[in-house]
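# Structural features, examined
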Amino acid sequence: DYRYTYIETSKNGIIRSKRLFVPEILKAKELLHNSQTPLLQENVLSFNDYTFVLIPKGEFQMGCFSADEYCREDEKPSFSVRLSYDFWMGQNEVTQRLYFDITKESPSDFGQCGDYCPVENVNFFNAIDFLNTLSERENLEQCYRVMGKKVEFTGVQCNGYRLPTEAEWEYAARAGDSFLYSGS
């Protein structure tokens, strides 16, 4: 019974929230994108202790700058990337609890850490299976087609759960700045 809370904050500080059920997730995205109220930075969608943040489209310099002393050669030179779409990203890592709820598996070596610690010991195929199962459970499109050891990504337009692209990850981690490390 996954329920969502849709929260919108306007520039004048008015907060509106609406309780949504799973099939309405796409409607929530539509509400956020077509809102008549100017939005501040925070657009949040939450379910079962898991929070997603709407990352607005934009441009950034991807890779390392020549002055960064900790760069690998394959991270230079930096280059301009433009993300022409908004996207949702989980605010935190997938928890052991959420992973178990979806897969009925507990791969973590640090299980004694508790339900809200990040799941670990998950490989790429485990992650893809988790995301496809979560998407299927919520009647969303599966973003990956698995054929043996080959995985086909259906693309960023997929409305199901997926991993962020490298550009999306770096854009979100930079948070509008050019930090060497996320949030530093």
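Just so it is clear, the structure is predicted and the values come from calculations on it, not from any experiment.

Locating Lys 104 in the fold gives a position in the loop between helix 2 (96-103) and helix 3 (124-137). The exposure class of Lys 104 is exposed, given its relative accessible area of 55%. Of note is the side chain of Lys 104, whose polar atom sits 3.1 Å from the backbone oxygen of Asp 101.

Taken as a whole, this structure holds two disulfides when the rule is applied. Two residues, Cys 113 and Cys 117, share a disulfide whose sulfurs are 1.8 Å apart. The chirality of the disulfide connecting Cys 113 with Cys 117 is left-handed, given an S-S dihedral of about -60°. A residue is classified by how much of its surface remains accessible, and Cys 113, at 45% relative accessible area, is partly exposed.

Scanning all chains against the criterion turns up seven salt bridges. Here Glu 73 ties to Lys 76 by a salt bridge, and the two come within 3.9 Å at their closest N and O atoms. The partner of Arg 162 in a salt bridge is Glu 168, and the shortest N-O contact between them spans 2.7 Å. According to the relative accessible area criterion, Glu 168 is buried, its value standing at 0%.

A few words on the confidence of the model for the protein chain. Looking at the protein chain, pLDDT values average 76 and 68% of them are 70 or higher. Here strand 2 (residues 15-21) is the element of the protein chain with the lowest mean pLDDT, 42, and strand 8 (residues 144-147) is the one with the highest, 96. Throughout residues 31-42 the model reports pLDDT below 50, and contacts reaching past four residues in sequence, or to other chains, amount to 27 contacts.

Among the nonpolar cores identified, the biggest contains 17 residues, and Phe 130 and Tyr 161 are the most heavily contacted of them. Contributions of two or more residues to this core are made by strand 4 (50-55), helix 2 and helix 3. Among the elements that make up this core, the one with the highest residue count is helix 3 (four residues). When neighbours within four sequence positions are excluded, Phe 130 is seen to be in contact with Val 94, Leu 98, Tyr 99, Ile 102 and Thr 103. With ten residues, the next largest nonpolar core counts Ile 55, Met 62, Leu 83 and Met 89 among its residues.

In this section: unusual backbone geometry. A cis geometry characterises the amide bond from Lys 76 onward to Pro 77, with omega recorded as -10°. Locating Pro 77 in the fold gives a position in the loop between strand 5 (58-62) and strand 6 (79-83). Although it is not a glycine, Lys 104 sits at a positive phi angle of roughly 60°. Even without being a glycine, Asn 121 presents a positive backbone phi close to 65°. Of note, Asn 121 is situated in the loop between helix 2 and helix 3. The class for Asn 121 is partly exposed, based on a relative accessible area of 43%.

Among the surface-exposed residues, Phe 124, Phe 125, Val 146 and Leu 163 lie close enough to one another that they form a single nonpolar patch of about 320 Å² accessible area. Residue position: Phe 125 is located in helix 3.

With the rule as written, the count across this model stands at six aromatic pairs. The residue whose ring lies beneath Lys 149 is Phe 125, and the NZ or CZ to ring-centre distance is 5.6 Å.

For the rest of this paragraph, the subject is the side chain of Asn 132. Residue position: Asn 132 is located in helix 3. In this structure Asn 132 comes out as buried when scored by relative accessible area, which is 7%. Engagement of the side chain of Asn 132 in a polar contact is seen with the backbone nitrogen of Cys 143, the distance being 3.4 Å.

The rules behind the values
- Residues numbered from 1 in each chain as written.
- Predicted model: local features only at pLDDT ≥ 70, side-chain atom pairs only at ≥ 80, totals over all residues.
- Heavy atoms only, no water.
- Helix = DSSP H or I, 4+ residues; strand = E, 2+ residues; numbered from the N terminus.
- Buried < 20%, exposed > 50% of the residue type's maximum accessible area, 1.4 Å probe, protein only.
- Polar contact = N/O pair within 3.5 Å; in protein donor to acceptor, adjacent residues only side chain to side chain.
- Disulfide = S-S within 2.5 Å.
- Salt bridge = Lys/Arg side-chain N within 4 Å of Asp/Glu carboxyl O.
- pLDDT = per-residue confidence, 0-100.
- Contact = heavy atoms within 4.5 Å.
- Core = buried A, V, L, I, M, F, W, Y, C linked by side-chain atoms within 4.5 Å.
- Patch = residues over 30% accessible without salt bridge, like charges linked within 9 Å, V, L, I, M, F, W, Y side chains within 5 Å.
- Areas by Shrake-Rupley, 256 points an atom, 1.4 Å probe, with all protein chains shown as cover.
- Phe/Tyr/Trp six-rings, centres within 6.5 Å; stacked < 30°, edge-to-face > 60°.
- Lys NZ or Arg CZ within 6 Å of the ring centre and 35° of its normal.

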